[in-house]
Amino acid sequence: MSEQLNRPDWDTYFMEITHVVAKRSTCMRRQVGAILVKDKHILTTGYNGAPKGLVHCGEIGCLRQELGVPSGERHELCRALHAEQNAIIQAANLGISIEGSTLYCTTAPCSLCAKMLINAGVVRVVFDGAYPDERAMEFFREAGMIVEQMTLNK
């Protein structure tokens with residue numbers, strides 16, 4: 001009889017990958033990774049960072065940090081896109097439908113990302129760390145989305 005393999009369940013597997021994606025982040029304040037998954041297949045990935053061709057925050061500095069803006073506030077000052085936004089944009093650029101997919105993210109989405117995910121047809125959100133934006137959770141509840149917090153043992 002062979003030994004039982006210690007395989008992670010699907011949610012753990014995808015969340016662990018999401019944490020690897022976050023390592024590509026160029027944000028000075030918080031490294032976030034996101035992946036969109038459907039039928040146990042990764043559709044796209046995203047991490048937070050400056051748009052293509054723009055200088056990264058590590059090179060130019062962080063205006064929000066310089067101004068002492070708390071986490072979850074004044075998103076318009078940030079030069080970076082959120083990980084969830086980049087995953088959605090990657091799907092659009094590649095012509096991949098994300099309707100009916102699950103978002104795995106290292107941090108709970110903000111209200112801006114929540115609205116985008118709802119309109120894109122994402123049906124489930126699994127996140128690890130909390131984010132100070134209760135409005136996002138209100139949007140998810142109103143939209144009838146499944147939202148689950150999953151803390152990995154790091």
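Residues numbered from 1 in each chain as written. Predicted model: local features only at pLDDT ≥ 70, side-chain atom pairs only at ≥ 80, totals over all residues. Heavy atoms only, no water.

I'm lost on the pairing of strand β4 (residues 124-129) in this one. Help?
Within a regular strand, the side chains alternate between the two sheet faces. Among the six residues that make up β4, five are buried, leaving the element largely enclosed by the rest of the structure. Where strand β3 (residues 102-107) lies against β4, five bridges are found, and the strand directions are parallel. Within the sheet, the bridge partner assigned to Thr102 lies in β4 and is Arg124. Across four bridges, the pairing between β4 and strand β5 (residues 146-149) is parallel. Paired with Arg124 across the two strands is Ile146, which belongs to β5. The β-α-β motif built from β4, the intervening helix α6 (residues 134-143) and the parallel element β5 has right-handed crossover chirality. (Buried < 20%, exposed > 50% of the residue type's maximum accessible area, 1.4 Å probe, protein only. Helix = DSSP H or I, 4+ residues; strand = E, 2+ residues; numbered from the N terminus. Pairing = 2+ DSSP bridges. Right-handed = clockwise from strand over helix to strand, strands pointing away.)

Would you take a moment to explain the state of the cysteines for this structure?
What makes a disulfide is a covalent bond joining the sulfur atoms belonging to two cysteines. In this structure the tally under the stated criterion is zero disulfides. The cysteine Cys57 is free of any disulfide, with Cys78 supplying the nearest cysteine sulfur at 5.6 Å. (Disulfide = S-S within 2.5 Å.)

Would you take a moment to explain helix α1 (residues 10-22) for this structure?
An α-helical turn contains 3.6 residues, so any two residues separated by three or four positions project in the same direction. Between the first and last C-alpha of α1 there are 19 Å, a value that for 13 residues agrees with the 18 Å anticipated at 1.5 Å per step. Where α1 begins, the capping side chain belongs to Asp9, and its oxygen is found 3.1 Å from the backbone nitrogen of Asp11. (Expected span 1.5 Å × (residues − 1). Polar contact = N/O pair within 3.5 Å; in protein donor to acceptor, adjacent residues only side chain to side chain.)

Could you clarify how one ought to interpret helix α4 (residues 83-94) in this entry?
With twelve residues, α4 ought to run about 16 Å at 1.5 Å a step, and its terminal C-alpha atoms sit 17 Å apart, in line with that. Taken as a whole, α4 has its buried residues at Ala83, Glu84, Gln85, Ala87, Ile88 and Ala91. Along its buried surface, α4 packs onto β1 (33-38), β2 (41-47), β3 and α5 (111-120). Positive phi shows up at Gly95, right after α4, with a value of about 70°. (Contact = heavy atoms within 4.5 Å.)

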